[in-house]
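Coordinate analysis (summary)
Listed here are the chains, written in short residue letters.
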Amino acid sequence: MILLTADPINASACLEAFELGAPQSGAIVCFSGKVRSSSAGEAVRKLHLQAYPPMTGPGIAQAVADACERWSLEAVSVVHRVGDVSPGETIVFVAAASIHRRAAFEAADYLMDFLKTRAVFWKKEVTDTGERWIEPRAEDYADVARWHKEEVS
Amino acid sequence: MILLTADPINASACLEAFELGAPQSGAIVCFSGKVRSSSAGEAVRKLHLQAYPPMTGPGIAQAVADACERWSLEAVSVVHRVGDVSPGETIVFVAAASIHRRAAFEAADYLMDFLKTRAVFWKKEVTDTGERWIEPRAEDYADVARWHKEEVS
Amino acid sequence: MAQVIYLGKLGDLAGGQAESLALPAEITSTGALREWLDTERGFGGALLHRTVRIAVNAELVPDTFAICDADEIAFLPPVGGG
Amino acid sequence: MAQVIYLGKLGDLAGGQAESLALPAEITSTGALREWLDTERGFGGALLHRTVRIAVNAELVPDTFAICDADEIAFLPPVGGG
């Protein structure tokens, strides 16, 4: 399941639904990412998440398809907020189910690296002193590069 | 939190409780492992999990302490069944929370590799044709060895 | 009329996320549009930055891509969700 | 009386997971106990396998470890949960 939503994401409810959809899987890995309450020492009021629907959904669907080709997965879920998100709220929920755990761990890790650096979103952080658009960290780009080393060499 | 329990584990309820205990974390990774309904083509009736309490709990606590030393974690949870577990039921729930996702992914992965190969449990699989004690797979031993490469070289 | 979409920080710089415009006759490629809009809309070079990619009808394209008034043309600064 | 615990498949082979026993005078080390019990309880070599580790009072110890009647001595075949 791939879902972009302007409503709050309840990670435990997402996991509950996901488990029902993967009754045969021995291993489920899920990730939930939340808005932190401070950034560079400043209190965060909210995070604004902008998508470009004609590209955002298809891009995530392609990443999920890539993951399903790369690993043997029984189910995958990506749920992502759009719009204004408050500190403590969940921005993203990713889950992967497989027979053995390695595939589920790697697929969830891969999808998060994709979402952080290649998914078609823009994030604006609003603090008490102003607002700024934030881009992926150097670590995020390094993380996503891990999955393409084999392909390059 | 570390818990050994003879009662069913509800992974989504565990995640909900875990999230409440890690309100500042930006990243939460959780793993749930379930009893598969078949093994080597045979229907599985149940999995019997034996612990040796004087060593099982302290061993897991040490692994959690090792993870907390290795990564910057805001919370860790390990919940493990003992006794008879039916197909589809959750055997183990592991969660790790951190500021950024890499630490949470690696810590959950590390703890699962530990649990699969070093945690003090014995597993007996009961099928229609009999029962057998099952030991870690070669992949499980290879997985756990990943975390010790730096130390050896 | 072509639809032009300014995403992320470019929307703030443009004072709006989208506009409809009739492409001038000499603006026939994405690269030409990028340069023309950067000046016309006062981006001060922000649209020219090499990290800003262009999508036509939801497909990323190079600066040599031919455009027409029926297209939806989006300017995408570096993306990232999660 | 020493408490002896047979874990995992060893419990099935022993026909029970635990027993209390008075250590014979000549059985003063974990290694000696391992060999003696393997014969006495009919393990047929299962207790001698190098993958079977011994814990005394919940600490893994080598076969040279000294034991006495106050100890809890556990035989552990390869472990694994999850």
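The sections below set out a description of the structure shown in this document.

Rules and cut-offs
- Residues numbered from 1 in each chain as written.
- Chains lettered and ligands numbered in written order.
- Predicted model: local features only at pLDDT ≥ 70, side-chain atom pairs only at ≥ 80, totals over all residues.
- Heavy atoms only, no water.
- Helix = DSSP H or I, 4+ residues; strand = E, 2+ residues; numbered from the N terminus.
- Rg over C-alpha atoms; globule rule 2.2 N^0.38 Å.
- Buried < 20%, exposed > 50% of the residue type's maximum accessible area, 1.4 Å probe, protein only.
- Contact = heavy atoms within 4.5 Å.
- Areas by Shrake-Rupley, 256 points an atom, 1.4 Å probe, with all protein chains shown as cover.
- Lys, Arg positive; Asp, Glu negative; His and termini not counted.
- Charge placed at Lys NZ, Arg CZ, Asp CG, Glu CD.
- Least-squares fit on C-alpha atoms with pLDDT ≥ 70 in both.
- 1 Å grid on protein atoms, 1.4 Å probe; cavity = no way out; pocket = protein on both sides within 12 Å on 5 of 7 lines; lining within 4 Å.
- Points joined across faces, edges and corners; volume = space filled by probe spheres on them.
- Nonpolar A, V, L, I, M, F, W, Y, C, P; charged D, E, K, R; others polar.
- Phe/Tyr/Trp six-rings, centres within 6.5 Å; stacked < 30°, edge-to-face > 60°.
- Buried area = accessible area lost by both parts, 1.4 Å probe.
- Salt bridge = Lys/Arg side-chain N within 4 Å of Asp/Glu carboxyl O.
- Polar contact = N/O pair within 3.5 Å; in protein donor to acceptor, adjacent residues only side chain to side chain.
- Pairing = 2+ DSSP bridges.

Broken down by element type, chain A carries five helices and nine strands. Taken over C-alpha atoms, the radius of gyration comes to 16 Å for chain A, in line with the 15 Å a tight globule of 153 residues would show. Within the span of chain A, comprising 153 residues, buried residues form 56% of the whole. Contacts spanning at least 24 positions in sequence make up 77% of the contacts within chain A whose residues lie at least 6 apart. Of the roughly 6,400 Å² of accessible surface on chain A, a fraction of 54% belongs to carbon and sulfur atoms. Averaged over its 16 positive side-chain charges, chain A has a centre that lies 4 Å from the centre of its 21 negative ones.

Here we come to the overall build of chain C. Along its length, chain C carries two helices and five strands. For chain C, the α and β elements follow one another from N to C terminus as β-α-β-α-β-β-β. Here chain C has a C-alpha radius of gyration of 12 Å; the compact-globule value for 82 residues is 12 Å, and the two agree. Across its three principal directions, the C-alpha atoms of chain C cover 40 × 25 × 20 Å. Buried residues in chain C amount to 48% of all 82 residues. In chain C, the proportion of contacts linking residues at least 24 apart, taken out of those at least 6 apart, comes to 51%. For chain C, the accessible area works out to roughly 3,800 Å², and carbon and sulfur atoms hold 52% of it. Each charge class in chain C can be summarised by its mean position, and for the 5 positive and 11 negative side chains these summaries are 11 Å apart.

Turning our eyes to something else, we now look at the relation of the copies chain A and chain B. Rotating chain A by 180 degrees and moving it 0.0 Å along the rotation axis overlays it on chain B with an RMSD of 0.0 Å. As the rotation angle and translation indicate, the two copies are arranged about a two-fold axis. By residue overlap, the copies meet face to face through one surface: 100% of the interface positions of chain A are interface positions in chain B.

Residues and elements named next belong to chain B. The calculated volume of the largest pocket comes to roughly 620 Å³. Elements with a minimum of two residues in the lining of the largest pocket: strand 2 (27-34), strand 3 (38-39), strand 4 (42-51), strand 7 (90-98), strand 8 (121-127) and strand 9 (130-134). Per-element tally for the lining of the largest pocket: the top contributor is strand 2, with three residues. Residues of the lining of the largest pocket, tallied by class, amount to 11 nonpolar, nine polar and 11 charged.

With that settled, consider the packing of aromatic side chains. Using the criterion set out here, one finds 12 aromatic pairs over all chains in the structure. When the centroid spacing of 5.5 Å and the interplanar angle of 85 degrees are considered together, the rings of Y110 of chain B and W147 of chain B count as edge-to-face. Note that Y110 of chain B is positioned in helix 3 (residues 101-117) and W147 of chain B in the loop between helix 4 (138-145) and helix 5 (149-152), a separation of 37 residues in sequence. The two residues Y110 of chain B and W147 of chain B agree in class, both being buried. On the numbers, 5.2 Å between centres and 50 degrees between planes, the contact of Y6 of chain D with F43 of chain D is tilted. Of this pair, Y6 of chain D sits in strand 1 (residues 2-6) while F43 of chain D sits in the loop between helix 2 (30-40) and strand 3 (53-56); the two residues are 37 residues apart in sequence, bridging distant segments of the chain.

With 34 residues of chain A at the contact, the number on the chain B side is 34 residues. When chain A packs against chain B, close to 3,100 Å² is buried across both sides, 46% of that on carbon and sulfur atoms. It is K34, R101 and F105 of chain A in chain A that bury the most area against chain B; as a group they hold 22% of the surface buried on that side. One can count 10 salt bridges joining chain A with chain B. One salt bridge connects R101 of chain B with D140 of chain A, and the closest N-O pair in it is separated by 2.8 Å. Across the chain A-chain B interface, the total number found is 19 residue pairs in polar contact (both at pLDDT 80 or more). Contributions of two or more residues to the side of chain A that touches chain B are made by helix 1 (11-20), strand 2 (27-34), helix 3 (101-117) and helix 4 (138-145) of chain A. Bridge count between strand 2 of chain A and strand 2 of chain B: seven bridges; the pairing is antiparallel. Across the sheet, I28 of chain A pairs through a bridge with S32 of chain B, a residue of strand 2 of chain B.

Every contact between the two is made by 18 residues of chain D and, on the other side, 24 residues of chain B. Carbon and sulfur atoms supply 56% of the area buried between chain D and chain B, which totals about 1,700 Å² over both sides. Along the contact surface separating chain D from chain B lie two salt bridges. A salt bridge links D12 of chain D to K124 of chain B; the shortest N-O distance between them is 3.2 Å. Where chain D meets chain B, there are 15 residue pairs in polar contact (both at pLDDT 80 or more). Those elements giving two or more residues to the side of chain D that touches chain B turn out to be helix 1 (9-14) and strand 5 (72-76) of chain D. In terms of residue count, strand 5 of chain D provides more of the side of chain D that touches chain B than any other element does, three residues in total.

Counted by the stated rule, this structure contains two cavities of 30 Å³ or more. Roughly 60 Å³ of internal volume is contained in the largest cavity. Forming the walls of the largest cavity are F121, W122, K123, W133, I134 and E135 of chain B together with G8, K9, P77, P78, V79 and G80 of chain D. Of all the secondary structure elements, the ones that give two or more residues to the lining of the largest cavity are strand 8 and strand 9 of chain B. In terms of residue count, the dominant contributor to the lining of the largest cavity is strand 8 of chain B (three residues). When its residues are assigned to classes, the lining of the largest cavity shows seven nonpolar, two polar and three charged. Lining of the second largest cavity is provided by W122, K123, W133, I134 and E135 of chain A together with G8, K9, P77 and P78 of chain C.

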